[in-house]
Amino acid sequence: DDAYVQTRWDILNKYNLKCYAISTHLVGQCVCDDPIDSRHKGILPERLWGDGDPEGVRQRCAEELKFTAVAAKKLGVKTVNGFTGSSVWKYIYFFPPTSQDDVSKGYEDFAARWKPILDVFMKNEVKFGLEVHPTEIAYDIITAKRALDAVEWHPAFGFNFVPSHFIHQFIDPVEFIDEFGERIWHV
């Protein structure tokens, strides 16, 4: 609603503030997460949680991400930051060992779910910045590259740079900048 968008800018302008990005961390988390459970119910509005069927939650959240791209364009914002969720993360610390095939299937799932979302972002001239973070499809330099490869370096997909997550994993944030500087959409 254009009138609603104007009211948001009126508030910002009243206090001489700007808006450079919007966030969709919680909804984005639910696009690829597996399992979807009561923890997700606590972070989603009822309209997205619905009956709680995991695939239904993922699909509703994917559609919400597409709407978010449209809303960002209407707001005049070029970047949406957030999480993607991950069906791989559940395998990280568990025994028995996880096969590379299981991990590859997770990246294929991520690509299948996110490429249509990213296409809507591109159509609206908005970029999505994944916050590289534990529990996401990309949580370090290696998995960030793998995520980019999975979506075939989609022009709408890049990163929201938050170095604190690297520091507590003993990853040098400067290495991430050196590797992906051209794909950092927001800091």
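Coordinates for the structure precede this section.
It should be emphasised that the depicted structure is a prediction, and the values quoted were computed from it without experimental measurement.

So, the side chain of Ser87
Move 1: On the secondary structure map, Ser87 appears in the loop between strand 2 (79–82) and helix 6 (100–123).
Move 2: Apart from residues lying up to four places away in sequence, Ser87 is in contact with Cys32, Asp34, Gly106 and Asp109.

Some remarks on the environment of Asn124
Move 1: When you line up the elements, Asn124 lands in the loop between helix 6 and strand 3 (127–131).
Move 2: Asn124 gets classed as buried once you look at its relative accessible area, which sits at 11%.
Move 3: Placed 14 residues apart in sequence, Asn124 and Ala138 show a C-alpha to C-alpha distance of 24 Å.
Move 4: Excluding residues that lie within four positions of it along the chain, Asn124 makes contacts with Ala69, Val70 and Lys73.

Digging into the packing of helix 2 (residues 25–32) against helix 6
Move 1: Packing of helix 2 against helix 6 leaves a shortest axis separation of 9 Å and a crossing angle of 135°. Accordingly, the angle class assigned to the pair helix 2 and helix 6 is oblique. Facing helix 2, whose interface residues are Gly28, Val31 and Cys32, helix 6 presents Asp109, Phe110, Arg113, Trp114 and Ile117.
Move 2: Looking at side-chain class alone, the contact of helix 2 with helix 6 contains five nonpolar, one polar and two charged residues.

Description of the nonpolar core
Move 1: Of all hydrophobic cores here, the largest spans 50 residues; its most connected members are Phe110, Trp114, Phe121, Phe128, Phe157, Phe159 and Phe176.
Move 2: For this core, the element with the highest residue contribution is helix 6, accounting for eight residues.
Move 3: Apart from residues no more than four positions distant in its own chain, Phe159 is found in contact with Gly129, Leu130, Val132, Ala144, Leu148, Phe176, Phe180, Arg183, Ile184, Trp185 and His186.

Thoughts on a nonpolar patch on the surface
Move 1: On the surface, a cluster of nonpolar side chains totalling about 310 Å² of accessible area is made up of Ile11, Tyr15 and Leu17.
Move 2: For Leu17, a relative accessible area of 43% puts it in the partly exposed group.

Topic: the pairing of strand 4 (residues 157–160)
Move 1: Pairing analysis gives four bridges linking strand 3 to strand 4, with the strands arranged parallel. Residue pairing in the sheet places Glu131 in a bridge with Asn160 of strand 4.
Move 2: Taken together, strand 3, helix 7 (residues 141–150) and strand 4 constitute a β-α-β crossover, and its handedness is right-handed.
Move 3: Judged from the two bridges that link them, strand 4 and strand 5 (residues 184–186) form a sheet pairing that is parallel. Residue Asn160 lies in a different strand from strand 5, and its bridge partner there is His186.

Observations regarding the sheet that holds strand 1 (residues 21–23)
Move 1: Reading across the sheet, the five strands line up as 1-2-3-4-5 and stay open at both edges, with parallel pairing between neighbours. What marks the edges here is a single partner per strand, and that holds for strand 1 and strand 5. The average angle at which neighbouring strand axes cross in this sheet is 40°, direction not considered.
Move 2: Sheet analysis places strand 1 next to strand 2, joined by three bridges and oriented parallel. Following the sheet pairing, Ser23 is matched in strand 2 by Asn81.

Thoughts on the environment of Thr68
Move 1: Relative to the elements of secondary structure, Thr68 occurs in helix 5 (residues 54–75).
Move 2: Linking Thr68 and Ile22, residues 46 residues apart in sequence, is a C-alpha distance of 8.9 Å.

Description of the pattern of salt bridges
Move 1: Under the definition given, this model contains 13 salt bridges.
Move 2: The partner of Lys90 in a salt bridge is Asp34, and the shortest N-O contact between them spans 2.5 Å. With Lys90 in the loop between strand 2 and helix 6 and Asp34 in the loop between helix 2 and helix 3 (38–41), this residue pair connects regions lying 56 residues apart in the sequence.
Move 3: Judged by relative accessible area, Lys90 falls into the partly exposed class, the value being 26%.
Move 4: As a salt-bridge pair, Lys105 and Asp101 come within 3.2 Å of each other at their nearest N and O atoms. Residue Lys105 and its partner Asp101 are located together in helix 6, separated by four residues, close to a single helical turn.

Thresholds applied
Residues numbered from 1 in each chain as written. Predicted model: local features only at pLDDT ≥ 70, side-chain atom pairs only at ≥ 80, totals over all residues. Heavy atoms only, no water. Helix = DSSP H or I, 4+ residues; strand = E, 2+ residues; numbered from the N terminus. Contact = heavy atoms within 4.5 Å. Buried < 20%, exposed > 50% of the residue type's maximum accessible area, 1.4 Å probe, protein only. Axes fitted to C-alpha atoms, helices over the stretch in contact; angles between N-to-C directions. Parallel < 35°, antiparallel > 145°, perpendicular 65-115°, else oblique. Nonpolar A, V, L, I, M, F, W, Y, C, P; charged D, E, K, R; others polar. Core = buried A, V, L, I, M, F, W, Y, C linked by side-chain atoms within 4.5 Å. Patch = residues over 30% accessible without salt bridge, like charges linked within 9 Å, V, L, I, M, F, W, Y side chains within 5 Å. Areas by Shrake-Rupley, 256 points an atom, 1.4 Å probe, with all protein chains shown as cover. Salt bridge = Lys/Arg side-chain N within 4 Å of Asp/Glu carboxyl O. Pairing = 2+ DSSP bridges. Right-handed = clockwise from strand over helix to strand, strands pointing away.

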